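Architecture at a glance
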Amino acid sequence: MTNSADLASVYAEQGYLVIPGFKTAADVAALRQRALDIVDAFDPGEQRPVFTTEEQQRHVDDYFLDSGDQMRCFFEEEAFDAEGRLRVDKALAINKIGHAMHDLDPVFSAFSKGQALRGVAAELGLKQPQVWQSMFIFKQPGIGGEVRWHQDASFFESDPITVTTFWFALEDATLHNGCLWTEPGGHKGERGVLRERFVREGRKAWMEQIDATPWPAADSRQAIPLEVEAGSLVVFHGLLPHYSAANRSDKSRHAYTLHVTDAASRYSPRNWLQRDGTLPVGGF
């Protein structure tokens, strides 16, 4: 690994790092298989989205809001027809699993912790890392949805902002299957402002705009694709704008993410995800 000064310098300048070969092929295969096992055991039951009634939408929203200390499966929006029936097999219909596998599942826990991750966090200035959330993202072939431009600090606001994303490529991420796009340096200067904040009050949560700074233009040179090979780790700053296109290819783009803040910062009580003493937030 590059020395700490080099890593910290590159990260401070561009707002992200790509570390190839961070995870072994065996590590990646084990996590992917465990995710498939979770999906196989998942019974949608009443959680199957049916987009016809407000009551059903409230049920789906509650399913999300209560997932901070659970392992729950969420469907791709395009997995259903107009009548709410699955258009594809369940294994090809799940958008993601979230949000506490790193604490609840032994395979995910082993992948999400260890000296290597502690080392990267320390080199980037996270003195007391707190891992709030884990997500296994499937980016399914043909129906993998677009993720619009956003900043992860919108969901994990703290004072000062310390949220850092650890994004692991579990398959090769390419332009064809919906790789990440980002804006190098977009986390600092005039463009390094928090544009939106996802806030929660009781059983309701919503996105509020707090700054009108525009997102990178699709036809400009501001944005670049991050094509990376399986096993790579991409780390990016919470204020760094990023996006991924829909996956219209015949290949999935599995990835796994961890969202981490520094305990030295004040985690906002208005963030959607909170932890209590039943499952306290931990580190690497």
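Residues numbered from 1 in each chain as written. Predicted model: local features only at pLDDT ≥ 70, side-chain atom pairs only at ≥ 80, totals over all residues. Heavy atoms only, no water.

Digging into the confidence of the model for the protein
Of all residues in the protein, 92% attain a pLDDT of 70 or more, and the chain-wide mean is 92. Below pLDDT 50 for its whole length, residues 49-53 participates in 8 contacts with residues either more than four positions away or in separate chains. (pLDDT = per-residue confidence, 0-100. Contact = heavy atoms within 4.5 Å.)

Things to note about unusual backbone geometry
The linkage connecting Gly 98 with the following residue, His 99, adopts the cis geometry, with an omega of 10°. Secondary-structure assignment places His 99 in strand E3 (residues 94-99). Notably, Lys 139 is not glycine yet its phi reads approximately 40°, a positive angle. Note that Lys 139 resides in the loop between strand E4 (129-137) and strand E5 (147-150). Residue classification places Lys 139 among the buried positions, given a relative accessible area of 3%. (Helix = DSSP H or I, 4+ residues; strand = E, 2+ residues; numbered from the N terminus. Buried < 20%, exposed > 50% of the residue type's maximum accessible area, 1.4 Å probe, protein only.)

Some details on the sheet that holds E3
Spatial strand order, E1-E12-E7-E14-E4-E3-E2: 7 strands in an open sheet with antiparallel pairing. Both outer strands of the open sheet, strand E1 (16-19) and strand E2 (71-75), are each paired with one neighbouring strand and no more. Taken over all neighbouring pairs, the strand axes of this sheet differ in orientation by 20° on average, direction set aside. Of the strand pairs in this sheet, E3 and E4 are connected by 4 bridges, and their pairing is antiparallel. Residue Gly 98 lies in a different strand from E4, and its bridge partner there is Met 135. Packing against the sheet, helix H2 (residues 25-41) makes contact with E2, E3, E4, strand E7 (164-169) and strand E14 (255-262), and its axis sits at approximately 100° to E3. (Pairing = 2+ DSSP bridges. Axes fitted to C-alpha atoms, helices over the stretch in contact; angles between N-to-C directions.)

Focus: the nonpolar core
In this structure, Ile 97, Phe 136, Phe 166, Phe 168 and Tyr 256 are the most contacted members of the largest nonpolar core, which totals 41 residues. When residues of this core are assigned to their parent elements, the largest contribution, 5 residues, is made by H2. Look past the residues within four positions of Phe 136 in its chain and what remains in contact with it is Leu 31, Arg 32, Ala 35, Asn 95, Lys 96, Ile 97, Met 101, Phe 108, Leu 170, His 254, Ala 255 and Tyr 256. Core analysis: the next-biggest nonpolar cluster, separate from the first, contains 12 residues, Trp 167, Cys 179, Val 228 and Leu 240 among them. (Core = buried A, V, L, I, M, F, W, Y, C linked by side-chain atoms within 4.5 Å.)

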